[in-house]
Amino acid sequence: MDKVLSGKIALVTGAASGIGRAIALRFAKEDAKVSVVDINLEGAKNVAKEIEDLGGKAIAVQCDVGDEEQVSKTVETTKKNFGNVSILVNNAGMVNSNLVPDLTTEQWHKLFQVNIDGMFYFSRALVKSMQEGDRIINISSINAFCGNVTAAHYAATKAAILGFTKTLALEVAFRGITVNAIAPGIIQTGMTKGITDLPPEFVKEYVKEIPVPRIGTPEDVATVAAFLASPEASYVTGQTIVVDGGLLLANPSQQILLKLIRMKP
């Protein structure tokens, strides 16, 4: 790909680190202007500076995506600085752990507030002003398909993302706007530290079950996002692209995770 996003304005949530950061940087390399949105303002500023150091254009905006008023202000700030958003990446998310009998109502609602409400607020706020060729990309997870031991609420939110993606894709397809999802597997980010920070022998046990035997990188996901955002993906909509090294094909993840939980000292 070579500057295929020139003239595009991208808004990426959860962009201060991990997958969001990698997507923001990749879009900037493809010549998009990027609104780097995160509740962590300092982290967002660091990513915006990285983009500017590459010769790109970016702004950092602090936003709790689960807060409707903050989302509206973020959209206004982005439009004021760059104009109408043409690429929206709903990446912001969180996870915490508990078996279903121990899940609190607060944990359940908080995850839906961040992982689902934020996607809805941003999509609703931006889709009306989007034009033919514009894109919405939602970040889900393979846990939408295989569940997630100790995080049923997380798996539920990631499955909900897929239903929302398909429906919105149908609603806006006639306008030439595409809406797709990406479902990452085990990616080296702060959110997967529960696995990647385990003792090496445990991580090795997990990795050997992945057909492509390695932990994924945020850049693996960013590459797919760049394709979906590009003109080359104009006939792809309502789809979920799995980026997991084949883990779902082997489908051992939850059994291995259970083993690791039981093996912990």
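Below is a summary of the structure that appears in this document. Along each chain, residue indices are assigned from 1 in the same order as the chain's sequence is written. Thresholds applied to this predicted model are a pLDDT of at least 70 for local features of residues and 80 or more for the giving and counting of side-chain atom pairs; totals over whole chains, interfaces and linings are not thresholded and use all residues. Side-chain numbers here rest on the full set of heavy atoms in the structure, without hydrogens or water.

Turning our attention to the layout of surface pockets. The pocket and cavity definitions rest on a 1 Å grid over protein atoms only: a 1.4 Å probe that fits but cannot leave marks a cavity, an open set with protein on both sides within 12 Å along at least five of seven lines marks a pocket, and residues lining either have an atom within 4 Å of a point. Grid points are joined across faces, edges and corners, and a volume is the space filled by probe spheres set on the points. Quantified by volume, the second largest pocket comes out at close to 160 Å³. Along its surface, the second largest pocket is lined by Lys3, Ala28, Lys29, Asp31, Ala32, Lys33, Ile51, Leu54, Gly55, Gly56 and Lys57. Classes in brief: Ala, Val, Leu, Ile, Met, Phe, Trp, Tyr, Cys and Pro nonpolar; Asp, Glu, Lys and Arg charged; the others, Gly included, polar. Among the residues making up the lining of the second largest pocket, the classes are represented as 4 nonpolar, 2 polar and 5 charged.

Under the DSSP-based scheme used, a helix requires at least four consecutive residues in state H or I and a strand at least two consecutive residues in state E, with every element numbered from the N terminus. Along the polypeptide, threonine 217 turns up in the loop between helix 8 (200-207) and helix 9 (218-229). C-alpha separation for the pair threonine 217 and threonine 189, spaced 28 residues apart in sequence, amounts to 7.9 Å.

The next point concerns the pattern of salt bridges. If charged atoms from side chains of opposite charge come close, those side chains can pair. By definition, a salt bridge exists where a carboxyl oxygen of Asp or Glu is found within 4 Å of a side-chain nitrogen of Lys or Arg. All chains considered together, the criterion is met by 7 salt bridges. For arginine 124, the salt bridge identified is with glutamate 68, shortest N-O distance 2.5 Å. One end of the pair, arginine 124, is in helix 4 (residues 105-127); the other, glutamate 68, is in helix 3 (residues 68-82), and 56 residues separate them in sequence. Between aspartate 220 and arginine 214 there is a salt bridge; the shortest N-O distance is 2.9 Å.

The subject of this paragraph is the packing of helix 4 against helix 6 (residues 152-172). Axis angle and axis distance: for two packed helices, these are the angle between their axes and the distance between the axes, and together they describe the pair. Interaxial distance between helix 4 and helix 6 falls to 9 Å at its minimum, and their mutual angle equals 15 degrees. What the angle tells us is that helix 4 and helix 6 run roughly parallel. Considering how the two elements wind past one another, helix 4 and helix 6 form a crossing that is right-handed. Here helix 4 contributes Gln107, Trp108, Leu111, Phe112, Asn115, Ile116, Met119, Phe120, Ser123 and Val127 to the contact with helix 6, which in turn contributes His153, Tyr154, Ala156, Thr157, Lys158, Ala160, Ile161, Phe164, Leu168 and Val172. Angles here are taken between N-to-C directions and fall from 0 to 180 degrees, while the axes themselves are lines fitted to C-alpha atoms, restricted in helices to the stretch in contact. Roughly parallel here means an angle under 35 degrees, roughly antiparallel means over 145, roughly perpendicular means 65 to 115, and every remaining angle is called oblique. By definition, turning the near helix anticlockwise from the far helix through less than a right angle yields a left-handed crossing, and turning it clockwise yields a right-handed one. Whether two residues are in contact is decided by their heavy atoms, any of which lying within 4.5 Å being enough.

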